[in-house]
Amino acid sequence: MIVRTLADCEQSNRKIVTETWDSTRMLLKDDKMGFSFHITTIFANTETHIHYQNHLESVYCISGNGEIETVADGKIYKIEAGTLYILDKHDEHLLRGGSEDMKMACVFNPPLNGKEVHDDSGVYPLEAETVV
Ligand code: 9YT
């Protein structure tokens, strides 16, 4: 069995920080579970363009508020504590932080290696650097 705490992971190279979000990747490809698990903060009043063409992702909002817009149809969905969104069609989207930071629990299939950040098209590559 593997046991990790968020506090420990946040103090390690598992924590990735960008301009609009940070993410602590607590479980990664190396753990050989077939998915990865992350605790992500989406910063208030930001917008991030995301298009996971190589991954399926599901995201549960633990706290805070914001919204998600699907690019294909312009639909906007409110996000608040208790909301789960499931990108089952590799949906291209705009993720917006609201008046407060959003704390999210995220799972990815296939699992991330650890160092992924979005490219200009909002994509994560399949082969990124591994966290050691
Ligand atoms: C919700 C979302 O996709 N945020 C971007 C970061 C991502 N959760 C990650 O890499 O952990």
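Just so we're clear, the structure is a prediction, and the values are computed from it rather than from any experiment.

Caption draft 1: Spatial organisation of the sheet that holds strand β6 (residues 65-70). Within the open sheet, the four strands sit side by side as β4-β9-β6-β7. Their pairing is antiparallel. Edge positions in the sheet fall to β4 (47-50) and β7 (75-80), since each of these pairs with one other strand and no more. Strand after strand, the sheet turns through a mean of 20° between neighbouring axes, direction not considered. Sheet topology note: the β4/strand β9 (residues 93-97) ladder contains four bridges and is antiparallel. Note that in β9 the partner of Thr48 across the bridge is Leu95.

Caption draft 2: Molecular detail of the pairing of β6. Summarising the sheet, β6 and β7 pair through six bridges and their orientation is antiparallel. Along β7, the bridge assignment pairs Glu67 with Lys78. Counting the residues between successive antiparallel strands, the hairpin from β6 to β7 contains four residues, one of them, Gly74, with a positive phi of roughly 70°. Strand direction decides the pairing type here: β6 and β9, joined by five bridges, are antiparallel.

Caption draft 3: The environment of Lys15, seen in detail. With respect to the element layout, Lys15 can be found in strand β1 (residues 15-17). As a C-alpha pair, Lys15 and Met26 span eleven residues in sequence and 8.7 Å in three-dimensional space. When neighbours within four sequence positions are excluded, Lys15 is seen to be in contact with Cys9, Glu10, Asp22, Ser23 and Thr24.

Caption draft 4: Quick look at the site of the ligand. Around the ligand sit 15 residues in total, of which Ser23, Arg25, His38, Tyr52 and Tyr124 are the nearest. One of the side-chain nitrogen or oxygen atoms of Ser23 is found 2.5 Å away from an oxygen atom of the ligand. A distance of 2.6 Å is found between an oxygen atom of the ligand and a side-chain nitrogen or oxygen belonging to His38. Relative to its free-state accessible area of 310 Å², the ligand is covered by the protein chains to the extent of 100%. Secondary-structure elements contributing two or more residues to the shell around the ligand are β2 (21-27), β3 (36-42) and β5 (56-63). Within the shell around the ligand, the residues separate by chemical class into nine nonpolar, four polar and two charged.

Caption draft 5: Looking closely at the pattern of salt bridges. Tallied over the full model, the rule gives six salt bridges. Between Glu47 and Arg96 there is a salt bridge, with its nearest N and O atoms 2.7 Å apart. With Glu47 in strand β4 and Arg96 in strand β9, this pair connects stretches of sequence that are 49 residues apart. A relative accessible area of 17% means that Arg96 is categorised as buried. For Glu80, the salt bridge identified is with Lys78, shortest N-O distance 3.5 Å. Owing to a relative accessible area of 62%, Lys78 belongs among the exposed residues under this scheme. Bridged by salt links that share partners, the residues Glu47, Glu67, Glu69 and Arg96 form one connected network.

Parameters and conventions
Residues numbered from 1 in each chain as written. Predicted model: local features only at pLDDT ≥ 70, side-chain atom pairs only at ≥ 80, totals over all residues. Heavy atoms only, no water. Pairing = 2+ DSSP bridges. Helix = DSSP H or I, 4+ residues; strand = E, 2+ residues; numbered from the N terminus. Axes fitted to C-alpha atoms, helices over the stretch in contact; angles between N-to-C directions. Contact = heavy atoms within 4.5 Å. Near = heavy atom within 4 Å. Polar contact = N/O pair within 3.5 Å; in protein donor to acceptor, adjacent residues only side chain to side chain. Areas by Shrake-Rupley, 256 points an atom, 1.4 Å probe, with all protein chains shown as cover. Nonpolar A, V, L, I, M, F, W, Y, C, P; charged D, E, K, R; others polar. Salt bridge = Lys/Arg side-chain N within 4 Å of Asp/Glu carboxyl O. Buried < 20%, exposed > 50% of the residue type's maximum accessible area, 1.4 Å probe, protein only.

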